[in-house]
Amino acid sequence: MAADQRVYLDDIYASEQCQGSVFRAVVMMAQEARFINKQANQGYITLTKKPTTIAMYKFKEGKLTLTEKKAGDQVEAEATAVAEPEMNAANAAQVSSAADDAFGA
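Read on for a plain summary of the structure. (Residues numbered from 1 in each chain as written. Predicted model: local features only at pLDDT ≥ 70, side-chain atom pairs only at ≥ 80, totals over all residues. Heavy atoms only, no water.)

Remarks on the overall build of the protein chain
Consideration 1: Scanning the protein chain from N- to C-terminus turns up 4 helices and 2 strands.
Consideration 2: Scanning the protein chain from its N terminus toward the C terminus, one meets helices and strands in the order α-α-α-β-β-α.
Consideration 3: Considering only contacts within the protein chain whose residues lie at least 6 apart along the sequence, 46% involve residues at least 24 apart.
Consideration 4: Carbon and sulfur atoms form 53% of the exposed surface of the protein chain, whose accessible area is close to 7,400 Å². (Helix = DSSP H or I, 4+ residues; strand = E, 2+ residues; numbered from the N terminus. Contact = heavy atoms within 4.5 Å. Areas by Shrake-Rupley, 256 points an atom, 1.4 Å probe, with all protein chains shown as cover.)

Structure (structure tokens):
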């Protein structure tokens, strides 16, 4: 594993979203990795790296946040991407063809 793929405790402690909690960091990255994997399985994106690696990069770049929704006594944590990837000609064609396939056009 390359050094740039690691998330160190210093990265977590420095993250305002995690509030110094390793658990929050793991939840954020795991939920983002699941979302990325689901999008890849549905054909919306093509992966060049593992979903967990992509989620770790997003965390290190500060592109993930943890939103807590309170409903009575239950608290749901949901990781959401702060910044969406920029749409360019290469991925626009890919997204368009994936949408056509998905909707049978």
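Structural notes on the pattern of salt bridges
Consideration 1: Applying the stated rule across the entire model yields 2 salt bridges.
Consideration 2: In this structure, the salt-bridge partner of Glu-32 is Lys-58, at a minimum N-O distance of 2.8 Å. With Glu-32 in helix H2 (residues 22-41) and Lys-58 in helix H3 (residues 51-60), the pair connects residues that are 26 residues apart, well separated along the chain.
Consideration 3: Among the salt bridges present, the one from Glu-61 reaches Lys-63, with a minimum N-O distance of 3.3 Å.
Consideration 4: When its relative accessible area of 32% is taken as the criterion, Lys-63 is described as partly exposed. (Salt bridge = Lys/Arg side-chain N within 4 Å of Asp/Glu carboxyl O. Buried < 20%, exposed > 50% of the residue type's maximum accessible area, 1.4 Å probe, protein only.)

What about a nonpolar patch on the surface?
Consideration 1: On the surface, Leu-9, Tyr-13, Val-22 and Val-26 cluster together to form a nonpolar patch covering roughly 360 Å² of accessible area.
Consideration 2: Listed by contribution, the elements that provide at least two residues to the nonpolar patch are helix H1 (9-14) and H2.
Consideration 3: As for its placement among the helices and strands, Tyr-13 is situated in helix H1.
Consideration 4: Residue class for Tyr-13 comes out partly exposed when judged on its relative accessible area of 48%. (Patch = residues over 30% accessible without salt bridge, like charges linked within 9 Å, V, L, I, M, F, W, Y side chains within 5 Å.)

Some remarks on the nonpolar core
Consideration 1: Counting residues in each nonpolar core, the largest one holds 11 residues, listed as Ile-12, Cys-18, Ala-25, Val-27, Met-28, Met-29, Ala-33, Ala-55, Phe-59, Leu-64 and Leu-66.
Consideration 2: Element by element, the count of residues in this core is highest for H2, at 5 residues.
Consideration 3: Discounting chain neighbours no more than four positions away, the residues touching Cys-18 are Ile-12, Arg-24, Ala-25, Met-28 and Phe-59. (Core = buried A, V, L, I, M, F, W, Y, C linked by side-chain atoms within 4.5 Å.)

Concerning H2
Consideration 1: The end-to-end C-alpha distance of H2, which contains 20 residues, comes to 28 Å, matching closely the 28 Å that a straight helix rising 1.5 Å per residue would cover.
Consideration 2: Inspection of H2 places Arg-24, Ala-25, Val-27, Met-28, Met-29, Glu-32, Ala-33, Ile-36, Gln-39 and Ala-40 among the buried residues, and these make up the whole buried set.
Consideration 3: The backbone nitrogen of Phe-23 lies 3.4 Å from a side-chain oxygen of the residue at the head of H2, namely Ser-21.
Consideration 4: At the exit of H2 stands Gly-43, carrying a positive phi of roughly 85°. (Expected span 1.5 Å × (residues − 1). Polar contact = N/O pair within 3.5 Å; in protein donor to acceptor, adjacent residues only side chain to side chain.)

A look at the side chain of Ser-15
Consideration 1: For Ser-15, the position within the fold is in the loop between H1 and H2.
Consideration 2: You can call Ser-15 buried: its relative accessible area is 11%.
Consideration 3: Within the local environment of Ser-15, its side chain forms a polar contact with the side chain of Gln-17, the two groups lying 3.0 Å apart.
Consideration 4: Apart from residues no more than four positions distant in its own chain, Ser-15 is found in contact with Gly-20 and Phe-59.

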